[in-house]
Amino acid sequence: MSEAMIRVRDVHKSYVRGRQQVEVLHGLTLDIPNGDFVALMGPSGSGKTTLLNLVGGLDRPTSGQIEVAGVRIDQLGSGQLARWRARNVGFVFQFYNLMPVLTAERNVELPLLLTGLSAAQRRKSVAVALEVVGLTDRARHKPKELSGGQEQRVAIARALVSDPTVLICDEPTGDLDRRTADEILGLLQVLNREHGKTIVMVTHDPKAAEFARRTLHLEKGQLLEQAA
Amino acid sequence: MLKQTIAMTALGLRSVPERWGPSLVIIVGLAGVVAVFTALLAMAEGFRSTLESAGRADVALVLRGGSSAELNSGLSRDQGEIIKQAPGVLTGPDGRPLASAEMIVIAELFKTGEQTGSNITVRGVEPAAFALRPQLRIVEGRGFQPGLRELIVGKGITGQFQGVAIGETLRMRGSDWTVVGSFQSGDAYESELWTDVEVAQTTFNRRGYSSVRLALDGAAGLQTVTDGLAADPRVNVDVETEQQYYSGQTRQFRATIGILAGVVTAIMALGATFAALNTMYAAVGARTREIATLRALGFGGTPVVLSVMIESLLLALAGGVVGAVLAFVLFNNMAVSTLGSNFTQVVFRFAVTPELVQRGLVIALAIGMVGGLLPAVRAARLPVTAALRAA
Ligand SMILES: Nc1ncnc2c1ncn2[C@@H]1O[C@H](COP(=O)(O)OP(=O)(O)OP(=O)(O)O)[C@@H](O)[C@H]1O
Ligand SMILES: [Mg+2]
């Protein structure tokens, strides 16, 4: 494994709950190479979302190092982290998290507002992203007028549009039926295989995990054996 | 940063229709504050401009020494003559000093449809009184005839009181008077009844005057008159310009209204501030997931603060404008009569001036600012991961 895209070294993460401190991740170490598609599985409360948030730069570890694309993100301040996220990570959430008042194309455009792109350039990128997820004809629809699968496609287009290196997906199919879930997973697979995106995806669904290149199991804040 | 703020503000504003209830609280609350504030000060302003415009700077008002108001003052007939002859007074076309010795009495008049009476000033004047008040015009009927029990009625009284229409006979203090005209002057005289001073003296059985008005000869006139009369042992008088007199008469009332407006506005503003806080906390709460998602995408904390503040300010401004319009529509030019400091009715109109509207809007914006700040900071401080989880 030449260059790891994501390098997690001895990461501890604890939360303060009430008066006591609860450690969720106990010295976790993990390498994810460039172009990998990792499914992260494990029982509820095992710390999957916590790990994902750390890798995606939404939160910082209590101790340990996290390097993504050569940047020690555990050392960034919150403002720097926000800018780093805007350039390097695309997020896909279980409940899509689209802005209900915006059309699909406006939702997809949001991350581009953080760049210096002109309106024309933004329009072009949005069109490309919507085409990748196959929703060109729904560009002017609001989330309410879309199916769950379509909403998630819009969310994926939003995650893609600024061409980030890493996609972070927390149970992206958790709210979808089997067929729609398979479509979304197939889409993620295409993004990984054809567009070279490194994807880390949390899922409870073994069938979903089959779409990934490999599956990691997290239990009580520690990784189990790595399946090929 | 600007783009982020605009995008976030637009998102917030576009979701306002989904939170009309709480948003209306801000608008209605601030409309109330601004309307009340503007109305109270419009009243003070109307009162001030009515009474102050009555006063001329080139006319001296002479009262008995120590009497702060015309009603408390009394001068004998002889003193009246001496005062008119003071140095520094302009000479009229008839070769006599341009001066009017006047007498006022209070009469009880009844408002249309009311049983309780109101005190109205009846002013007996000399012919020069009209030259001393060029702003006064007979607008209906004619002037009174000297020597007859005839009255002219100020516009502020016509229409509000019984028995003051032209041709009607008005009974005052046991005597009957004929109303022959009405006049307009745009100031406090409009709330008076005027007649010939000699007739008033005989009818009401008074021998002296209340005051003497003198046309001043130039800028130094006031000083000359003051010095001249001070040197005369036969009279003991206070001399000031008519303008100074009226401004002094209203000072107390204006101060009272100013304090009242301040206190009422402060109390209402406090309530409105809490309402605004409440609304904006609710707004931020309803948008927790939205804001957290934007933060996850890389939007900064400052645009969050700014967008919440802008939303709060815009709602406050909307409320302020509604309040100002309300105050204007309901109160501007509304005629009211109130007790002047000399216990006579003064009719004046609310004046909703641009300055008042501006002050009201500034208050509204200040409240919007305070109401938006804390919720805005809370929205920006909320940890993204916790907010995403909560959703
Ligand atoms: N902000 C927080 N404050 C306190 N405790 C937290 C916080 N976030 C997570 N936890 C706790 O950390 C543990 C791991 O949570 P996490 O969300 O990472 O689990 P998960 O594997 O994603 O679970 P699920 O499959 O249900 O999504 C849980 O016990 C959770 O209650
Ligand atoms: Mg989770």
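All values reported here derive from a predicted model rather than from experimental measurement. (Residues numbered from 1 in each chain as written. Chains lettered and ligands numbered in written order. Predicted model: local features only at pLDDT ≥ 70, side-chain atom pairs only at ≥ 80, totals over all residues. Heavy atoms only, no water.)

J.: When you look at the overall build of chain B in this model, what are you seeing that I'm missing?
T.: Secondary structure summary: chain B contains eleven helices and twelve strands in total. Overall, the C-alpha framework of chain B stretches about 95 × 50 × 30 Å when taken along its three principal axes. For chain B, buried positions account for 52% of its 391 residues. A fraction of 78% describes how many contacts in chain B between residues 6 or more apart in sequence connect residues 24 or more apart. Positive and negative charge centroids in chain B, built from 32 and 30 side chains respectively, lie 13 Å apart. (Helix = DSSP H or I, 4+ residues; strand = E, 2+ residues; numbered from the N terminus. Buried < 20%, exposed > 50% of the residue type's maximum accessible area, 1.4 Å probe, protein only. Contact = heavy atoms within 4.5 Å. Lys, Arg positive; Asp, Glu negative; His and termini not counted. Charge placed at Lys NZ, Arg CZ, Asp CG, Glu CD.)

J.: Looking at this structure, I do not really get the overall build of chain A. What am I missing?
T.: Check the secondary structure of chain A and you find seven helices and ten strands. A globule of 228 residues ought to have a C-alpha radius of gyration of about 17 Å, and chain A, at 17 Å, matches this closely. Along the longest, intermediate and shortest principal axes, the C-alpha atoms of chain A span 50 × 45 × 40 Å. Here chain A, with 228 residues, has 55% of them falling under the buried criterion. Of all intrachain contacts in chain A linking residues separated by at least 6 positions in sequence, the fraction that spans at least 24 positions is 69%. Here chain A displays about 10300 Å² of accessible surface, and carbon together with sulfur accounts for 46% of that area. (Rg over C-alpha atoms; globule rule 2.2 N^0.38 Å. Areas by Shrake-Rupley, 256 points an atom, 1.4 Å probe, with all protein chains shown as cover.)

J.: Mind showing me how you'd approach the nonpolar core here?
T.: As a rule of thumb, soluble globular proteins bury nonpolar side chains together. Formed by 39 residues in total, the largest nonpolar core has its most connected members in Ile83, Leu109, Met172, Leu193, Leu214 and Leu229 of chain B. The dominant element in this core, judged by the number of residues it contributes, is strand 2 (residues 99–110) of chain B, at six residues. Residues within four places of Leu193 of chain B in sequence aside, it is in contact with Leu109, Ile120, Thr121, Val122, Arg123, Leu151, Ile152, Val153, Ile157, Leu170 and Met172 of chain B. Of all hydrophobic cores here, the second largest spans 38 residues; its members include Ala155, Leu160, Cys169 and Leu188 of chain A. (Core = buried A, V, L, I, M, F, W, Y, C linked by side-chain atoms within 4.5 Å.)

J.: How should the packing of helix 5 (residues 148–160) of chain A against helix 6 (residues 178–195) of chain A be read in this particular structure?
T.: What describes two packed helices is the angle between their axes and the distance between those same axes. Residues and elements named next belong to chain A. Where helix 5 meets helix 6, the closest approach of the two axes is 10 Å, and the angle between their N-to-C directions is 15°. One way to sum up the angle between helix 5 and helix 6 is to call them roughly parallel. Classified by chirality, the crossing of helix 6 by helix 5 is right-handed. Residue-level inspection shows Gly149, Gln152, Arg153, Ile156 and Leu160 of helix 5 in contact with helix 6, the latter providing Thr180, Glu183, Ile184, Leu187, Leu188 and Leu191. Of the residues in the contact of helix 5 with helix 6, the class split is six nonpolar, three polar and two charged. (Axes fitted to C-alpha atoms, helices over the stretch in contact; angles between N-to-C directions. Parallel < 35°, antiparallel > 145°, perpendicular 65-115°, else oblique. Left-handed = near helix turned anticlockwise from the far one by under 90°. Nonpolar A, V, L, I, M, F, W, Y, C, P; charged D, E, K, R; others polar.)

J.: I'm lost on the packing of helix 7 (residues 242–286) of chain B against helix 9 (residues 301–331) of chain B in this one. Help?
T.: Residue and element names in this part refer to chain B. Here helix 7 crosses helix 9 at 135°, and the two axes come no closer than 11 Å. Regarding the angle of helix 7 to helix 9, the classification is oblique. For the element pair helix 7 and helix 9, the recorded crossing hand is right-handed. Packed against helix 7, whose contacting residues are Met280, Ala283 and Val284, the element helix 9 presents Val308, Glu311, Ser312 and Leu315 at the interface.

J.: Would you explain the domain arrangement of chain B in this entry?
T.: Bring the parts together and some accessible area is lost; that lost area is often taken as the interface size. When the domains of chain B are assigned, the result is domain 1 (2–52 + 250–390) and domain 2 (66–235). Taken over C-alpha atoms, the centre of domain 1 of chain B sits 47 Å from the centre of domain 2 of chain B. (Domains from an automatic or database assignment.)

J.: Where do I start with the interface of chain A and chain B in this structure?
T.: Taken residue by residue, the interface counts 27 residues in chain A and 20 residues in chain B. Summed over both partners, the interface of chain A with chain B buries about 2000 Å², with 64% contributed by carbon and sulfur atoms. In this structure, the connection of chain A to chain B is made through zero salt bridges. Linking chain A to chain B there are five residue pairs in polar contact (both at pLDDT 80 or more). Elements supplying a minimum of two residues to the side of chain A that touches chain B: helix 1 (48–55) and helix 2 (78–88) of chain A. Here the residues of the side of chain A that touches chain B are counted per class, giving 16 nonpolar, six polar and five charged. (Buried area = accessible area lost by both parts, 1.4 Å probe. Salt bridge = Lys/Arg side-chain N within 4 Å of Asp/Glu carboxyl O. Polar contact = N/O pair within 3.5 Å; in protein donor to acceptor, adjacent residues only side chain to side chain.)

J.: Can you walk me through the site of ligand 1 in this structure?
T.: The environment of ligand 1 is made up of 14 residues, and the closest members are Ser44, Lys48, Thr49 and Thr50 of chain A together with Arg389 of chain B. Chain contributions to the surroundings of ligand 1 come from chains A and B. One nitrogen or oxygen atom from the side chain of Arg17 of chain A is found 3.2 Å from an oxygen atom belonging to ligand 1. For ligand 1, the protein covers 73% of the area, taking 640 Å² as the surface of the free molecule. (Near = heavy atom within 4 Å.)

J.: Where do I start with the sheet that holds strand 5 (residues 71–72) of chain A in this structure?
T.: Working definition: the strands of a sheet are paired by backbone hydrogen bonds and lie parallel or antiparallel to each other. Residue and element names in this part refer to chain A. Spatial ordering of the open sheet is given by 2-1-4-5, a layout of four strands whose pairing is antiparallel. Looking at which strands have only one partner, the edges of the open sheet turn out to be strand 2 (20–33) and strand 5. Here strand 1 (residues 4–17) pairs with strand 2 via ten bridges, running antiparallel. In the sheet register, Tyr15 faces strand 2, and the bridge partner there is Val22. (Pairing = 2+ DSSP bridges.)

J.: Got a minute to help me understand helix 10 (residues 354–381) of chain B in this structure?
T.: Side chains that are three or four residues apart share a direction in an α-helix, a result of its 3.6 residues per turn. Residues and elements named next belong to chain B. Along its 28 residues, helix 10 runs 40 Å from first to last C-alpha, staying within 8% of the 40 Å computed at 1.5 Å per residue. Along helix 10, the helix axis deviates most sharply at Leu373, where the bend reaches about 30°; the proline Pro375 sits within four residues downstream. Every buried residue belonging to helix 10 is among Leu356, Gly360, Leu361, Ala364, Ile367, Gly368, Gly371, Gly372, Pro375, Ala376, Ala379 and Ala380, and all of these are buried. (Expected span 1.5 Å × (residues − 1). Bend = angle between axes of the 7 residues up to and from the residue.)

J.: What's the story with the pairing of strand 8 (residues 198–202) of chain A in this structure? I'm lost.
T.: The side chains of a regular strand alternate between both faces of the sheet. Residues and elements named next belong to chain A. Counting buried residues in strand 8 gives five out of five residues, a clear majority hidden from the surface. What you see with strand 8 is no split at all: Thr198, Val200 and Val202 on one side and Ile199 and Met201 on the other are buried throughout. Looking at chain direction, strand 7 (residues 166–170) and strand 8 are connected through five bridges and run parallel. Looking across to strand 8, one finds that Val166 is bridged to Thr198. In this fold, strand 7 hands off to helix 6, which returns the chain to strand 8; that crossover is right-handed. (Right-handed = clockwise from strand over helix to strand, strands pointing away.)

J.: What is the right way to look at the packing of aromatic side chains in this model?
T.: How two aromatic rings sit relative to each other is given by the distance of their centres and the angle of their planes. Here the structure, examined in full by the defined rule, presents seven aromatic pairs over all chains. Ring centres of Phe91 of chain A and Phe93 of chain A lie 6.0 Å apart, and the angle between their planes is 10°; this geometry places the pair in the stacked category. The residues Phe91 of chain A and Phe93 of chain A share a single accessibility class, namely buried. Grouped by ring-pair contacts, the aromatic residues Phe130, Phe144, Phe183, Tyr189 and Trp194 of chain B constitute a single cluster. Above the ring of Tyr189 of chain B, the side-chain terminus of Arg133 of chain B is found at 4.4 Å from the ring centroid. The ring of Phe204 of chain B carries the charged tip of Arg173 of chain B above its face, separated from the ring centre by 5.8 Å. (Phe/Tyr/Trp six-rings, centres within 6.5 Å; stacked < 30°, edge-to-face > 60°. Lys NZ or Arg CZ within 6 Å of the ring centre and 35° of its normal.)

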